[in-house]
Amino acid sequence: MSQPIARVVVVGRDAAGWLSAFALQRAFGRTGLTVQVIELPSQLSAADVYAALPTLSNLHRLLGLDENEVVSACAGVYVQGQRFSSWSRSKPDFMHAYDTQGVVINHVDFIQYWVKARAEGLAVDLEDFCLGAAAAKQNRYVLSKDTTEAFSNAAHGIHLNARTYVRLLKQCALKTGVVSTVGQIASVNRSGASIQSVVLSDGQIVDGDLFIDASGVEAVLIGAMPEAPFESWRHWFGADRIMVASGKRLTPLPAFSQISAYSNGWIGLYPLQNRTGMKCVYDSSRQSDERTAEEIGLTTGMRIESEVVVAPLQSGARARPWVGNCIAIGESAVVLESLDAAYLHVIQLGLSRLIAFFPVEADALVEADAYNADIAAHVRNIRDFQIAHYKLNQRFGEPVWDRARDMNIPDSLVYKLNLFAHRGRVALYDHESFEIENWNAILIGHGLMPRTYDPLADALPRAEQIGKFKGMLHFIAEEVRTMPSLDAHLEIHAPYTGAGAK
Amino acid sequence: MQQNSIRNIVVVGGGSAGWMTAAALSKVIGTQNYSITLVESELIGTVGVGEATIPMITLYNNVLGLDEDEFVRETNATFKLGIEFVDWRRLNHSYFHPFGLYGVDMDGIGFGHHWLRWMKGGGNPDMGLFNAETEAARQRKFMRTPEQKPQTLPKINYAFQFDASLYAAYLRRYAEKRGAVRIEGQVVRVNQNAESGFIESLDLKDGRRVSGDLFVDCSGFRGLLIEETLQAGYEDWSHWLPANRAAAMPCARAGDPIPYTRATAREAGWQWRIPLQHRTGNGYVFSNAFISEEEAMQKLASRLDGAAMAEPRILKFVTGVRRKCWIKNCLAIGLSSGFLEPLESTSIHLSQVAIAKLLTVFPKNGFNPALIDKFNREMQYEYSSVKDFLIAHYCVTEREDTEFWRYCKHMDIPDSLKARIELFKTRGEVLAPPAELFKETNWFAVLYGQGIVPDDYHPVADVISDHDLKTRLARIRSGVQDRVNGMTSHQAFIDRHCAARPGEMSA
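Residues numbered from 1 in each chain as written. Chains lettered and ligands numbered in written order. Predicted model: local features only at pLDDT ≥ 70, side-chain atom pairs only at ≥ 80, totals over all residues. Heavy atoms only, no water.

1. Examining the domain arrangement of chain A
Residues and elements named next belong to chain A. Here is the rule: Note that the domain bounds were set by an automatic or database domain assignment. Contacts between residues were defined by any pair of non-hydrogen atoms, one from each residue, lying within 4.5 Å. Counted as salt bridges are all cases of a side-chain nitrogen of Lys or Arg within 4 Å of a carboxyl oxygen of Asp or Glu. N or O atoms within 3.5 Å of each other form a polar contact, as long as, within protein, one can give a hydrogen and the other can take it, and as long as residues adjacent in sequence are counted only when both atoms are side-chain atoms. In this description a helix means any DSSP run of H or I spanning at least four residues, a strand means any run of E spanning at least two, and both kinds are numbered starting from the N terminus. Residue polarity is assigned by list, with Asp, Glu, Lys and Arg as charged and Ala, Val, Leu, Ile, Met, Phe, Trp, Tyr, Cys and Pro as nonpolar; anything else, Gly included, falls into the polar class.
If you check the domain split of chain A, you get domain 1 (7-77 + 160-233 + 318-379), domain 2 (97-155 + 381-486) and domain 3 (241-312). Counting residues at the interface gives 10 residues for domain 2, matched by 12 residues for domain 3. At the surface where domain 2 touches domain 3, the tally comes to 0 salt bridges. The interface formed by domain 2 and domain 3 contains 5 residue pairs in polar contact (both at pLDDT 80 or more). With 3 residues, helix α11 (residues 399-406) is the single largest residue contributor to the side of domain 2 that touches domain 3. The residue inventory of the side of domain 2 that touches domain 3, partitioned by class, reads 6 nonpolar, 1 polar and 3 charged.

2. What to know about the sheet that holds strand β21 (residues 320-322) of chain B
Hydrogen bonds along the backbone pair up the strands of a sheet, which may run parallel or antiparallel. Residue and element names in this part refer to chain B. Applied cut-off: What makes two strands pair is DSSP finding at least two bridges between them.
In spatial order, the strands read β14-β21-β24; together these 3 strands make up an open sheet with antiparallel pairing. A single partner strand is all that each edge strand has here, and the edge strands are β14 (234-236) and β24 (338-339). Bridging between β14 and β21 involves 3 bridges; their strand directions are antiparallel. Residue pairing across strands places D236 opposite G320, the latter belonging to β21.

3. A short note on the sheet that holds strand β4 (residues 78-80) of chain B
Residues and elements named next belong to chain B. Basically, it comes down to this: For helices, the fitted line uses only the C-alpha atoms of the stretch in contact; every axis is such a line through C-alpha atoms, and the angle between N-to-C directions lies from 0 to 180 degrees.
What the 3 strands build is an open sheet, ordered β3-β8-β4; its pairing is antiparallel. In the strand order of this sheet, the two ends are held by β3 (50-52) and β4, each with one partner. Each adjacent strand pair in this sheet contributes to an overall mean axis angle of 25°, direction not counted. Alignment of β4 against strand β8 (residues 159-163), held across 3 bridges, turns out to be antiparallel. Counterpart to F79 in the pairing with β8 is F160.

4. Some points on the packing of aromatic side chains
Residues and elements named next belong to chain A. Let me state the cut-off plainly: A pair of Phe, Tyr and Trp rings is counted when the ring centres sit within 6.5 Å of each other, with Trp represented by its six-membered ring. The angle between the planes then sorts it: under 30 degrees is stacked, over 60 is edge-to-face, the rest tilted. Note on classification: 1.4 Å probe, protein chains only; a residue is buried when its accessible area is under 20% of the maximum for its type, exposed when over 50%, partly exposed between these limits.
As enumerated under the stated definition, the model contains 57 aromatic pairs over all chains in all. Their ring planes at 5° and their centres at 5.1 Å tell us that F84 and F94 sit as a pair that is stacked. Of this pair, F84 sits in strand β5 (residues 81-85) while F94 sits in strand β6 (residues 94-97); the two residues are 10 residues apart in sequence, bridging distant segments of the chain. A relative accessible area of 1% means that F84 is categorised as buried. The buried category is assigned to F94, whose relative accessible area is 6%.

5. Describing the confidence of the model for chain B
For the record, the criterion: Confidence of the predictor in every single residue is expressed as pLDDT, which spans 0 to 100.
The pLDDT averaged across chain B works out to 94; a share of 97% of its residues lies at or above 70. Interface confidence for the predicted complex, expressed as ipTM, amounts to 0.84; the pTM equals 0.89.

6. Description of the interface of chain A and chain B
Our working rule: Computed with a 1.4 Å rolling probe, the buried area is the accessible surface lost when two parts are put together, summed over both parts.
The interface is formed by 13 residues belonging to chain A together with 15 residues belonging to chain B. Taking both sides of the interface into account, the surface hidden between chain A and chain B amounts to around 1,200 Å²; carbon and sulfur atoms contribute 53%. It is E491, I492 and H493 of chain A that lose the most area in chain A upon contact with chain B, and together they represent 45% of the buried surface on that side. Across the contact surface, chain A and chain B share 2 salt bridges. In this structure, R140 of chain A engages D482 of chain B in a salt bridge whose closest nitrogen and oxygen atoms are separated by 2.7 Å. Across the contact surface, chain A and chain B share 10 residue pairs in polar contact (both at pLDDT 80 or more). Those elements that provide at least two residues to the side of chain A that touches chain B are α14 (462-482) and α15 (486-493) of chain A. Top element by residues in the side of chain A that touches chain B is α15 of chain A. It accounts for 6 residues. Split by residue class, the side of chain A that touches chain B holds 5 nonpolar, 4 polar and 4 charged.

Below is the structure:
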């Protein structure tokens, strides 16, 4: 009879490290599993912000965290989506809200009627039929209730002060029974693809059945494993550097992240209750850090109020995040741009799949292949979503953006864009993190207007269609009118009371 | 139809009380069938200083049909959203007593109960989050409630801070335009009917005689007719409200005027700060048993936030009320009817209440004792309930740092007030009768602001779930924010609608 997994060692730092330890302890602690963390020095600066997709609340539920308490502790903010600004020189900003657009009519997706109506002269944007987008633009918090649930799937992403979030996760993890040691890895005792133990710089030897590499891009364990090479995506993502800073709190609080393209990359603003996180992803070969910091001020109209921290960025993924008894979670496995709140999402993906495929026997890790295939598919789809932003940009005459528009993109995305451009239909693959409404929002937002639409849309009489459209717009306007502002919602449900509170 | 026997009305005294009376009478009963005469002497100064008001003034102004922007312009006025009480509960503490409501009543009980539940469960102890006037005051913003349907955001309740002598002058022009006659002169003798004691006429220093059927005593604190002639008697409340002096002194404006009055507790009383458009009114209300006039004036002069524009002036008073405000054919309006320190800006209001009551019971064929009794009872009630509210500011305090405050904290207070404070402590309400000027929400603001956190609240507030409660509160809070976000700065509002012309600047 084979041995079950009794001991997991997490070698990691920051959100990846503590989420991994906490999640595994919560999920398997009662089965007798012990989780030990080798805590590496943090790479977060005071200015760092984590931006999360609505799905993070599933992980929080698993962890037994009250999301309002998390938001409150981390000066956090609920957001309805992301606003993309200046990705085209001629088109207005658009909102990628975490919500659907319109409702299905006679089994035909709303977007089909909208494409048809646009061709007939309708001036109203697709996002105007999206409750979440309308709420976001007016800095409202969407309360889900019976009347809205039939119309909308509006969900909230969150922004969190990164250091506070990590501190909170660590506290909770330790309280749940996770054991932790601060240290550095001196060497790894491995036979083939199986790690027996890690040796810390103080000589301490830590052995385990399963080793989680949550060390970030350093990839202290997985980086040395066989058959786990890192594949660069630089040909799709030209940026090689990320700058993090912080600005004043915005009042009223915007209910969205702001993602603005500029000549050499993009700049994100992430409102928090006590400040605004700033991030710039750019090509350092074309622009100095000093110039980039200036660009943040010019593009956002906000002053940098913190120190500016710069780090290299190398987008790409490891061919196999699970090799032998080592599993890479987070950036040790996949490095994506911070676009689309991907950072925490990739960690969450790894953990949710790991929990689903958690090995039954310590010496026969047959789950690895299934895990790797699952993660690879998910990551490919997120990567395509990010590439789509670059590919569809309309900033003509700037080398970074001209190159992005002209680049060769993965076949999977070519197919998706072609089908959508033809008839407004999103080809969803297995393991998509983003749903049809998310693709609709960004593809239409970036200006990929379908040439034709589903012929079934013609079955609806024009007058009836106009009536339904008007009804939806009226419904949205009325709903938004009764929503609390994001500020008010946070003040009552999740007020931040720490340093720098309003 | 019987002949109206009351046709000649004589108002004695031309301060704001006198001209408010004359203006209202000239508008409501007119001068076609009546004669309205106001006797005043330029030799006798008026008490007019920077004066703050409460929203009820709009009722009066509306009766007159005044154009609000014109009124503001003419009186150098600013808008007022409430009063900030500084250092009352303890030093370095402040709270805001706003006009307008906190939140909205829900499930048949006051908002305060729901709020108390939330606050006691860890919610923010700043109740001002749920009041639009407080938030606007903090941001120094103002606007009038816009016409909108449906009205989903909180209404903006406001009053004015103005120059009382300009207000009197403005109303004088109004009254004279409508036929009221002003006589310059000093009353040297009051002639009464030998049998009835009714006042028949007044002799002026220059020998003229002014006769009338109804006399309104607006002669100020001395009560020339009501006290000196008719001996109404005075109920002295100074054991509860010991302040008996005020030093008043205008100063240059310090920046844009703020849309509220500030009342700062001082060693032996309190100091008002009333911002007008072009200057700031200041005063120190004190008790000379605890500080000398000399010292009070010095203290006041050293605590101005702009250059002094005049020497301090001392006003003397005894807090209390005339035992009868109406005797025979004479009634008292203004300071002649009683005096309550302007801590809650009630002076103008109490005059206007008296005017409104006079109009309600206005005599036709002789004087009906039942109506006079009603008037007297109601005026007593007005004064008395305001008095309790004022005392609450003094006796509910943590301050014991001076003899004055030790006295106030430990003095014996009226039973009516004692009962209210006790009720508030137990369950967060005072159950103020509807006829009272200050409502549940005023009492809540002041008692909570002065430091009482009720032990409990109405049981109905516990019925809904915690989540539903928060959701409702967030919506209310959001309404407050939306309202205030839609406002412009107070100064910008004045500039746009009602800036006083430089020529009308008061000294």
